[in-house]
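# Descriptive structure summary
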Amino acid sequence: MPRTIIVSNRLPTKILRTEDRLTFQPSEGGLATGLGSIYRQEGNVWVGWPGLFVEDAAEAEYVGEQLRQDSMVPVFLTEAEIRDFYEGFSNSTLWPTFHYFAQYATYEQAHWEAYVAVNEKFCRAVLELAGPEDTIWVHDYQLLLLPALLRQARPEATIGFFLHIPFPSYELIRVLPWRQQLLEGMLGADLLGFHTFGYMRHFLSAVSQLLGFSSQNGQIETGSRTVLVDAFPMGIDYERYVQAAASETAIQHEATYREALRAVRVILSIDRLDYSKGIAQRLRAFELLIQRYPEWREQVSLIMVVVPSRDQVAQYASLKEEIDELVGRINAQYRTIGWTPIHYFYRSFPLEELASLYRLAEVALVTPMRDGMNLVAKEFVASKADQRGVLILSERAGAARELSDALIINPTDTGQLAEAMHDALVMPEEEQVARMSAMQALVRQYNVFAWSKLFMGRLAYSKMKQHTLATE
Ligand code: F6P
């Protein structure tokens, strides 16, 4: 039976080396959590990196065996590849450029060469696995060259590509020395998916200005092939979050936190450590809230979860220091014996514990500077069984296109963000319920299963259309 081969840099399971043993854990990030519910269906397979540098062939074999039992096939990266491909080109060149932080981007030829080599490595791994009837679904910015590499080896293959981060304006893309190769790499796919129409428009504009290919109704003519481009806003596994929030563990954790916090109300913030997430700006806005509205002191706390990520990249390490410093200063300045303004956790939490925080919080702050989609916003919405609670959402997260019943803010406007927190805390219950129920209806309907079905349907359709044209 034909399968779908999902390919992404990171597998949904990551392996950590702790002293003398290996531990297997769920990976963080929207891609892994979002697609995690899908790949197990219908004998699908997921090809990717398990986040570990394997020491020898025996260890590689052991890890491979374990992962294969759960339908995953590992691609191992050497230490040099982790440095130059993952921390280098992927996260020091593409990530900052695509998130409009061009001032953080580096342009190193050695990083580019590692990026090409690792994309080729992924290509070999996929070709070993994929039969002619299988569909190959490539994900995200770490593998922009892979669609064209696969196409070269298998001209007839069905290849989809989805970008999980923003596609920026042409003015940012044109800065990249390897802009042409990157776009050509993506165009190897039959269908290219983006979270929003805005990202899709930027992509079409870059393709037209840099490669000279025009498009009509999301159809690019490259001369030899037709490539379809469309927007597919990614959803979450809605029921999984509903169930996690209703679980005994989540209810118990919430009760423990509630007892410790007594009557203090909770504003919640959950992110991977990343400068694109606006974490420092959010802390400043919280400080402004308690300066402008001293009545909230001892009444409201910010619970802030920052999940460690990419801490070998210089910008991430310095952001971590900035956050530590800000939290320390704000807490030292405003705390009282019975009240801590900011409860800061620098670690990841299992799903049920996250769910308990979603239950506990009256307000969620999802205020990135830029974010492809942001699934935390949708997870918060899904977890609110009583429909009380307010989502404050950045206008520069992809999710803002759908969740218009959130309080939408400009994350660089600290004053506006502080006012939104105040408005959320005083919002009447009927208004909370009206907004939350509208958002729940949307997030429930356009869940991750609907998203992948839509993408796969479009991909099959594009392939069928190509065959029809070829035989006419
Ligand atoms: O969703 C965007 C993304 O960059 C994924 O590609 C990635 O797996 C996730 O965030 C987490 O980042 P990383 O894999 O670098 O830990």
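Residues numbered from 1 in each chain as written. Predicted model: local features only at pLDDT ≥ 70, side-chain atom pairs only at ≥ 80, totals over all residues.

Basically, it comes down to this: UniProt positions are given in the numbering used here, feature names are shortened, and annotations may be inferred rather than shown by experiment.
The name given to the chain in an unreviewed UniProt entry is Alpha,alpha-trehalose-phosphate synthase, with Hymenobacter metallilatus as the source organism. If you open the UniProt record of the chain and go to Subunit (unreviewed entry), you find "Homotetramer." Per UniProt, the chain has the following entry under Pathway (unreviewed entry): "Glycan biosynthesis; trehalose biosynthesis."

## Some words on the overall build of the chain
This is how it is decided: What counts as a helix is a DSSP run of H or I of at least four residues, what counts as a strand is a run of E of at least two, and both are numbered from the N terminus. All radius of gyration figures rest on C-alpha atoms, and the globule criterion is 2.2 Å times the number of residues raised to 0.38. Three classes are used. A residue is buried when 20 or more other C-beta atoms lie within 10 Å of its own, exposed when 12 or fewer do, and partly exposed in between, with C-beta atoms placed from the backbone. Any residue pair is listed as a contact if its two C-beta atoms, each placed from the backbone, are within 7 Å.
Scanning the chain from N- to C-terminus turns up 17 helices and 17 strands. Its C-alpha atoms give the chain a radius of gyration of 23 Å, near enough to 23 Å, the size a compact globule of 472 residues would have. Considering only C-alpha atoms, the chain reaches an extent of 70 × 55 × 40 Å along its principal axes. Counting only residues that meet the buried cut, the chain has 45% of its 472 residues in that class. By sequence separation, contacts in the chain at least 24 residues apart represent 77% of the contacts at least 6 residues apart.

## Details of the environment of alanine 420
Tracing the backbone shows alanine 420 in helix α15 (residues 414–426). Taking the C-beta count within 10 Å as the criterion, alanine 420 has 23 such neighbours and is therefore assigned buried. Leaving out residues up to four positions away in the same chain, alanine 420 has contacts with Ile392, Leu407 and Ile409.

## What about the sheet that holds strand β14 (residues 342–346)?
What counts, and what does not: Only strands joined by at least two bridges in the DSSP assignment are considered to pair. Angles run from 0 to 180 degrees between N-to-C directions of axes, and those axes are lines fitted to C-alpha atoms, restricted for helices to the stretch in contact.
Judged by pairing direction, the sheet is parallel, and its six strands sit side by side in the order β14-β13-β12-β15-β16-β17 without closing on themselves. Of all the strands in the sheet, just β14 and β17 (407–409) have a single pairing partner and so form its edges. Mean inter-strand twist for the sheet, computed between neighbouring axes without regard to direction, equals 20°. Pairing analysis gives five bridges linking strand β13 (residues 300–307) to β14, with the strands arranged parallel. Following the sheet pairing, leucine 302 is matched in β14 by isoleucine 342.

## A short note on the site of the ligand
This is how the line gets drawn: Near, as applied to residues and a molecule or strand, means the residue's backbone-placed C-beta atom lies within 6 Å of it. Note that Gly is not counted as nonpolar here; it falls among the polar residues with everything else outside the nonpolar set of Ala, Val, Leu, Ile, Met, Phe, Trp, Tyr, Cys and Pro and the charged set of Asp, Glu, Lys and Arg.
Every residue lining the ligand is accounted for by Arg10, Glu28, Gly29, Gly30, Leu31, Ala32, Asp140, His164, Ile165, Ser309 and Arg310. Take the shell around the ligand: its biggest share by element is three residues, from helix α1 (residues 30–35). Residues belonging to the shell around the ligand are distributed by class as follows: three nonpolar, four polar and four charged.

## Notes on the packing of helix α3 (residues 79–98) against helix α4 (residues 109–129)
Each pair of packed helices can be described by the angle between their axes along with the distance between the axes. Using the following cut-off: Each angle receives one of four descriptions, namely roughly parallel if under 35 degrees, roughly antiparallel if over 145, roughly perpendicular if within 65 to 115, and oblique otherwise.
α4 packs onto α3 with a crossing angle of 105° between their chain directions and a minimal axis gap of 8 Å. Classified by the angle between their axes, α3 and α4 sit roughly perpendicular to one another. Counting all contacts with α3, which are made through Ala80, Glu81, Asp84, Phe85, Gly88, Phe89 and Thr93, the residues of α4 involved are Ala110, His111, Trp112, Ala114, Tyr115 and Val118. The residue inventory of the contact of α3 with α4, partitioned by class, reads eight nonpolar, three polar and two charged.

## Observations concerning the environment of arginine 154
Inspection of the secondary structure puts arginine 154 in the loop between α5 (146–153) and β7 (158–162). With 22 residues separating them along the chain, arginine 154 and proline 132 place their C-alpha atoms 8.3 Å apart.

## What to know about the environment of glutamine 219
Structurally, glutamine 219 is set in strand β10 (residues 219–221). Spatially, the C-alpha atoms of glutamine 219 and asparagine 91 are 30 Å apart, while their sequence positions differ by 128 residues. Aside from chain neighbours lying at most four places away, what touches glutamine 219 is Thr226 and Leu228.

## Here's the deal with the sheet that holds β7
Across the sheet, which stays open at both edges, the nine strands sit in the order β5-β4-β1-β6-β7-β8-β11-β10-β9 with mixed pairing between neighbours. Strand pairing shows two members of the sheet lacking a second neighbour, β5 (72–74) and β9 (215–216), which therefore form its edges. Two elements, strand β8 (residues 191–194) and strand β11 (residues 226–231), share four bridges in a ladder whose sense is parallel. Across the sheet, leucine 191 pairs through a bridge with leucine 228, a residue of β11. In this fold α5 packs onto β1 (4–10), β6 (135–139) and β7, with an angle of close to 175° to the strand it touches most, β7.

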